[in-house]
Amino acid sequence: MSSDRPDSVAAAAPAARGAHATIHDVARVAGVSVASVSRVFNGRDHVRAEMRARVEEASAQLGYVPHAGARSLSMARTGAIGVVLPDLHGEFYSELLRGMDREASMRGLGLLLTVLHEGRGVDTLAALRGQVDGLVVMAPELDPVVLARHMPRGPAAVFLACAPQDGSLNLRIDNHGGAASAVAHLAAGGAKRIVHISGPASNFDAQQRRAGAEAAASAAGVALSVIEGDFHEASGTMVGERVAAGTLHADAIFAANDMMAIGALMALKRRNIAVPEQVAVAGFDDIPLARLVSPALTSVAVDIAAMGARAVAHLAEQIAAKRERPLEGRGTTADEVIVPHLMVRETTRETDRG
């Protein structure tokens, strides 16, 4: 190979021109190794100017374009992060993804989305290895042991609203405190019989919200009955209809998310039950729709988009650290708690605002 002759590029180029040129063709024509060509195209430092010029000239004459996928693999990066969610239905997930996408775009990252409906399809997690640089995982209904068993080895990970995972950052909402504040608020407004529409019993968030509601009811000396819902509007509608019909006695309803609260609120309105004079209603999450319904819904407010953005930011920091220290694991276990606040609106009594 005539690697030291400046005219080697021009002499060898015709043999490969017109075919699908490869990195090996560029190396042969430029008279350098494949590794040297790779260093040039990946923007690595410590490449001689003369070598870079020869590689670029050979590439131009051959019409060679670096393959983006192969280039990412050689750099041990895909430029994508995986987002694993339990569902896509409703404004909560729209807001969450809006925040994630905004943060990822600012950092030049793409999102690869996977949905685990009620934990089904967990086997697909392992298939994400090699496709993403890291994972944001929200799987509150999945057993933490099962989740840990199916997590791909290697990529950085941030867990969002999950049961704690060893060796990873767990970003979670103070569900207990948020739910307790809602029930205390209802009790302070005069409620004596509160119905709590919980989320599914297997759901981590739902468990914590129920525990917070029960603790606050006990502290306030009011009755609390629990009816399990599924985080969808229909389960709230069912409870609202029972309260309106008098088959379920309550002067307040606290739902574990806003969609169930809105379902209950609409059912009460259809039956001409005055809200909040006869029955007060509160929810959790403070999705955009909560302030648009009439009357506007009191809710435990979480900045959902900011939570999604924060998860992506933490993951990007882990990915960067992993590139600098590739032999280290996922790091130590850490919890970051998002503290919600009660947003009082028209569905609870004005005297509660105190």
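Each remark here, short or long, concerns the structure printed above.
Criteria and cut-off values
- Residues numbered from 1 in each chain as written.
- Predicted model: local features only at pLDDT ≥ 70, side-chain atom pairs only at ≥ 80, totals over all residues.
- Heavy atoms only, no water.
- Helix = DSSP H or I, 4+ residues; strand = E, 2+ residues; numbered from the N terminus.
- Buried < 20%, exposed > 50% of the residue type's maximum accessible area, 1.4 Å probe, protein only.
- Areas by Shrake-Rupley, 256 points an atom, 1.4 Å probe, with all protein chains shown as cover.
- Pairing = 2+ DSSP bridges.
- Axes fitted to C-alpha atoms, helices over the stretch in contact; angles between N-to-C directions.
- Left-handed = near helix turned anticlockwise from the far one by under 90°.
- Contact = heavy atoms within 4.5 Å.
- Nonpolar A, V, L, I, M, F, W, Y, C, P; charged D, E, K, R; others polar.
- Parallel < 35°, antiparallel > 145°, perpendicular 65-115°, else oblique.
- Phe/Tyr/Trp six-rings, centres within 6.5 Å; stacked < 30°, edge-to-face > 60°.
- Lys NZ or Arg CZ within 6 Å of the ring centre and 35° of its normal.
- Core = buried A, V, L, I, M, F, W, Y, C linked by side-chain atoms within 4.5 Å.
- Right-handed = clockwise from strand over helix to strand, strands pointing away.
- 1 Å grid on protein atoms, 1.4 Å probe; cavity = no way out; pocket = protein on both sides within 12 Å on 5 of 7 lines; lining within 4 Å.
- Points joined across faces, edges and corners; volume = space filled by probe spheres on them.
- Salt bridge = Lys/Arg side-chain N within 4 Å of Asp/Glu carboxyl O.

Points about the overall build of the protein
Item 1. Looking only at helices and strands, one finds 12 helices and 12 strands in the protein.
Item 2. Relative to its 354 residues, the protein shows a buried fraction of 51%.
Item 3. Roughly 16200 Å² of accessible area belongs to the protein as shown, and the carbon and sulfur atoms make up 53% of that amount.

A word on the sheet that holds strand β9 (residues 280-285)
Item 1. Pairing in this open sheet of 6 strands is mixed, and the strands run β7-β6-β8-β9-β10-β12 from one edge to the other. This sheet does not close on itself; its edge strands, each paired only once, are β7 (223-228) and β12 (341-343). Taking the axes of each pair of neighbouring strands and ignoring which way they run, one obtains an average angle of 20° across the sheet.
Item 2. Note: strand β10 (residues 298-301) against β12, 3 bridges, orientation antiparallel. Note on β12: the bridge partner recorded for Ala-301 is His-341.

Overview of the packing of helix α10 (residues 233-245) against helix α11 (residues 258-270)
Item 1. The contact between α10 and α11 brings their axes to 6 Å, and the two run at 35°. For the pair α10 and α11, the crossing hand works out as right-handed. Note on element contacts: α11 touches α10 through Met-259, Met-260, Gly-263, Ala-264, Ala-267, Leu-268 and Arg-270, opposite Glu-233, Ser-235, Gly-236, Thr-237, Gly-240, Glu-241, Val-243 and Ala-244.
Item 2. Classifying every residue of the contact of α10 with α11 by side-chain character gives 7 nonpolar, 5 polar and 3 charged.

Topic: the packing of helix α2 (residues 23-30) against helix α4 (residues 49-62)
Item 1. Running from N to C, α2 and α4 point in directions that differ by 120°, and their axes come no closer than 9 Å. When the axes of α2 and α4 are compared, the pair comes out oblique. Crossing of α2 over α4 shows right-handed handedness. From α2, Asp-25, Val-26, Val-29 and Ala-30 reach across to α4, where they touch Arg-54, Val-55, Ala-58, Ser-59 and Leu-62.
Item 2. Looking at side-chain class alone, the contact of α2 with α4 contains 6 nonpolar, 1 polar and 2 charged residues.

Let's talk about the packing of aromatic side chains
Item 1. Evaluated as defined, the whole model comprises 1 aromatic pair.
Item 2. Look at Phe-92 and Tyr-93: their rings are 5.2 Å apart centre to centre, the planes differ by 85°, and that puts the pair in the edge-to-face class. There is no split in this pair, since Phe-92 and Tyr-93 are both buried.
Item 3. Sitting above the plane of the Phe-284 ring, Arg-209 keeps its charged end 3.7 Å from the centroid.

Considerations on the sheet that holds strand β5 (residues 169-173)
Backbone-to-backbone hydrogen bonds pair the strands of a sheet. The strands run either parallel or antiparallel.
Item 1. Taken in spatial order, the 6 strands make up an open sheet running β2-β1-β3-β4-β5-β11, and their pairing is parallel. A strand with exactly one partner marks an edge of an open sheet, and here the two such strands are β2 (110-115) and β11 (334-338). Strand-to-strand, the axes of this sheet are offset by a mean angle of 20°, without reference to chain direction.
Item 2. Sheet analysis places strand β1 (residues 80-85) next to β2, joined by 6 bridges and oriented parallel. What sits directly across from Gly-82, in β2, is Leu-112.

Side note on the environment of Ala-220
Item 1. Positionally, Ala-220 belongs in helix α9 (residues 204-220).
Item 2. Under the relative-accessibility criterion, Ala-220 is labelled partly exposed at 40%.

Things to note about the nonpolar core
Item 1. Membership of the largest hydrophobic core comes to 47 residues, with the highest contact counts inside it found for Leu-96, Phe-254 and Met-307.
Item 2. Looking at this core element by element, the count peaks at 7 residues for helix α12 (residues 304-324).
Item 3. Apart from residues lying up to four places away in sequence, Phe-254 is in contact with Ala-179, Ala-182, Val-183, Leu-186, Ile-194, Val-195, His-196, Ile-197, Ala-213, Ala-282, Gly-283 and Phe-284.
Item 4. Membership of the second largest hydrophobic core comes to 26 residues, among which are Ile-227, Ala-250, Met-260 and Ala-261.

Let's talk about the pairing of β9
Item 1. Summarising burial for β9: 6 of the 6 residues are buried, a large majority.
Item 2. In this sheet, β9 lies alongside strand β8 (residues 252-255) in parallel orientation, the contact comprising 3 bridges. In the strand pairing of β9, Phe-254 is matched with Ala-282.
Item 3. This β-α-β element, β8 to α11 to β9, shows right-handed connectivity.
Item 4. With 4 bridges joining them, β9 and β10 adopt parallel strand pairing. Bridge pairing links Ala-282 to Thr-298 in β10.

Examining the layout of surface pockets
Item 1. Taken as a whole, the largest pocket holds about 480 Å³ of empty space.
Item 2. As for the largest pocket, its lining consists of 24 residues, and the residues nearest its centre are Asp-87, Tyr-93, Asp-230, Phe-231 and His-232.
Item 3. Contributing elements (two or more residues each) for the lining of the largest pocket: α6 (91-106), α9 and α11.
Item 4. The dominant element in the lining of the largest pocket, judged by the number of residues it contributes, is α6, at 3 residues.
Item 5. Along the lines of polarity and charge, the residues of the lining of the largest pocket split into 9 nonpolar, 6 polar and 9 charged.

A few points about the pattern of salt bridges
Item 1. Under the counting rule described, the total for this entry stands at 10 salt bridges.
Item 2. In this structure, Asp-285 and Arg-209 form a salt bridge, with 3.6 Å as the shortest nitrogen-oxygen distance. On the criterion of sequence distance, the pair formed by Asp-285 in strand β9 and Arg-209 in helix α9 is long-range, its members being 76 residues apart. Like Asp-285, the residue Arg-209 is buried in the burial classification.
Item 3. For Asp-286, the salt bridge is made with Arg-345, and the minimal N-O distance between the two is 2.8 Å. In this pair, Asp-286 is assigned in the loop between β9 and β10 and Arg-345 in the segment after β12, connecting sequence segments 59 residues apart. Neither Asp-286 nor Arg-345 differs from the other in exposure class; each is buried.
Item 4. Salt bridges sharing common partners tie together Arg-48, Glu-50 and Arg-54.

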